[in-house]
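Reading the structure
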Amino acid sequence: MPVTHALEGPLSVDVLGRQDPELAEILLGELERQSTTLQLIAAENFTSPAVLAALGSPLANKYAEGYPGARHHGGCEIVDVAERIAVERAKALFGADHANVQSHSGSSAVLAAYAALLRPGDTVLAMGLPHGGHLTHGSPANFSGRWFDFVGYGVDPESGLIDYEQMRALARTHRPKAIVCGSISYPRHIDYAAFREVADEVGAYLIADAAHPMGLVAGGAAPSPVPYADVVCATTHKVLRGPRGGMLLCGSELAERVDRAVFPFTQGGAQMHTIAAKAVAFGEAATPAFTAYAHQVVANARVLAQSLAAEGLPVTTGGTDTHLLTVDPAPLGVDGRTARGRLAAAGMVLDTCALPHPDVRGLRLGTAAVTTQGMGEAELARIAVLFATALRDESAGRHVREEVRDLTGRFPPYPG
Ligand SMILES: *Cc1c(COP(=O)(O)O)cnc(C)c1O
């Protein structure tokens, strides 16, 4: 085996295939799976070949602890430019004073936001997990639940909408040090101004965990938390369509605290290939094509919601403002887990999720990935019919699988 390896193009599976056919087979198998089934997981998307090229580049070799111009490692003069570009693009895209693009994931970004603003033992008010809060919003299985005292607000069980009055009452009673707004499954716009008002009233920081909607914000299809929150946390890999990773936005007065909370407090060396890929994605997100994409994502989700309702599956809150929606499959005689299995067998990949009614697992669907593939309202209406068909009758799964294969064949995520 050669001691040096020539770079034969950043995405060359051939190179891997010659050296390690076992792993090359897995890469191709996963590409095949992604290309022939419907990716309805609300948190997933297809990154562009340009983003993948940055990820698979020699920037992956570089150690770069610290920040541009102030690194602990030598040889950072070129990757420093990549990080500066990523920061400037993020600031311009979201109208923020300061951006930190080093967080390895959405969870790392939330950890850094807490580290910047809180002390262990502080009280934090966030959406309860059964209502759509993320693990980092106080799960006992997560650092958040272990190190902070979380109080959960929720949604109205009838409407499914955030109960802002309950949130205000809990804030008045518990006087939290921070309030977190953001969810993994809430399908409606969040009233950031209402959260800001409550935070100001009780003297709390407002942290927006906008991991899901941040791509819609970039495309002008959802309201921005940036003018309201002290710190905004986000992922770059959901609707935003970049590499897996996180970021933080804040005003200049918190910039230094946020940067120190990421490095050196919670992370080591920055992943320069991922940061370069984030810069590429921010560049893509600033184009008119992405604005059109973000609006199409929402239009597609609305059609999906209406079409599911027409199939006897009313969605939570009666619709959606975003890329995602949640539904209880019970009217078709199946529970969430059974439904997920039947849909998987039919080539439709999605998650179960908590619903506001205790002990009910629902299904969460999103339109970010299928919209990237070029599907529009007609295809989403058809997907709703296939979805209900696969749930109603297990034996229809095979027929639905064929139709899914046909549909995905017409909209390949990576043509050629
Ligand atoms: C996805 C998500 C996260 C975590 O992102 P990871 O990259 O998986 O760590 C955090 N908060 C919310 C609200 C999310 O939707």
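Residues numbered from 1 in each chain as written. Predicted model: local features only at pLDDT ≥ 70, side-chain atom pairs only at ≥ 80, totals over all residues. Heavy atoms only, no water.

**Quick notes on the packing of helix α13 (residues 336-345) against helix α15 (residues 377-392)**
Axis angle and axis distance: for two packed helices, these are the angle between their axes and the distance between the axes, and together they describe the pair. Convention followed: All axes here are fitted lines through C-alpha atoms, helices being fitted over the stretch that makes contact, and every angle between N-to-C directions spans 0 to 180 degrees. Runs of E in the DSSP output that reach at least two residues are strands. Runs of H or I that reach at least four are helices, and both are numbered from the N terminus. Working definition: roughly parallel below 35 degrees, roughly antiparallel above 145 degrees, roughly perpendicular at 65 to 115 degrees, and oblique for all remaining angles. By convention the crossing between two helices is left-handed if the near helix lies anticlockwise of the far one by an angle smaller than a right angle, and right-handed if it lies clockwise. Residues count as neighbours in contact if any of their non-hydrogen atoms are within 4.5 Å of one another.
Where α13 contacts α15, the axes come no closer than 9 Å and their chain directions differ by 115°. Classified by the angle between their axes, α13 and α15 sit roughly perpendicular to one another. Crossing of α13 against α15: the hand is right-handed. Contacts between α13 and α15 pair Ala339, Arg342 and Leu343 from the former with Phe387, Ala390, Leu391 and Arg392 from the latter.

**Points about the domain arrangement of the protein**
Here is the rule: As used throughout, domain bounds are those supplied by an automatic or database domain assignment. Note on definitions: buried area is the accessible-area loss of two parts on being combined, 1.4 Å probe, summed for both. Here, a salt bridge means any side-chain nitrogen of Lys or Arg that lies within 4 Å of a carboxyl oxygen of Asp or Glu. For the purposes of these results, a polar contact is taken to be a pair of N or O atoms within 3.5 Å, where, inside protein, one atom must be able to donate a hydrogen and its partner to accept one; residues adjacent in sequence count only when each atom of the pair is a side-chain atom. Residue type decides the class: Asp, Glu, Lys and Arg count as charged, Ala, Val, Leu, Ile, Met, Phe, Trp, Tyr, Cys and Pro as nonpolar, and the leftover types, Gly among them, as polar.
We note that the domain assignment places domain 1 (58-285) and domain 2 (288-410) within the protein. Placing the centre of domain 1 and that of domain 2 at their C-alpha centroids yields a distance of 28 Å. Taken residue by residue, the interface counts 26 residues in domain 1 and 25 residues in domain 2. Summed over both sides, the interface of domain 1 with domain 2 buries roughly 2,100 Å², with 61% coming from carbon and sulfur. On the domain 1 side of the interface with domain 2, the three residues burying the most area are Pro187, Arg188 and Arg241, jointly 29% of the side's total. On inspection of domain 1 and its partner domain 2, the count reaches one salt bridge. Taking the shortest distance from any N to any O, the salt bridge between aspartate 321 and arginine 188 comes out at 3.0 Å. For the pair domain 1 and domain 2, the number of links is eleven residue pairs in polar contact (both at pLDDT 80 or more). Counting only elements with at least two residues in the side of domain 1 that touches domain 2, the list comes to α9 (214-218) and α11 (272-285). Top element by residues in the side of domain 1 that touches domain 2 is α9. It accounts for three residues. The residue inventory of the side of domain 1 that touches domain 2, partitioned by class, reads 15 nonpolar, eight polar and three charged.

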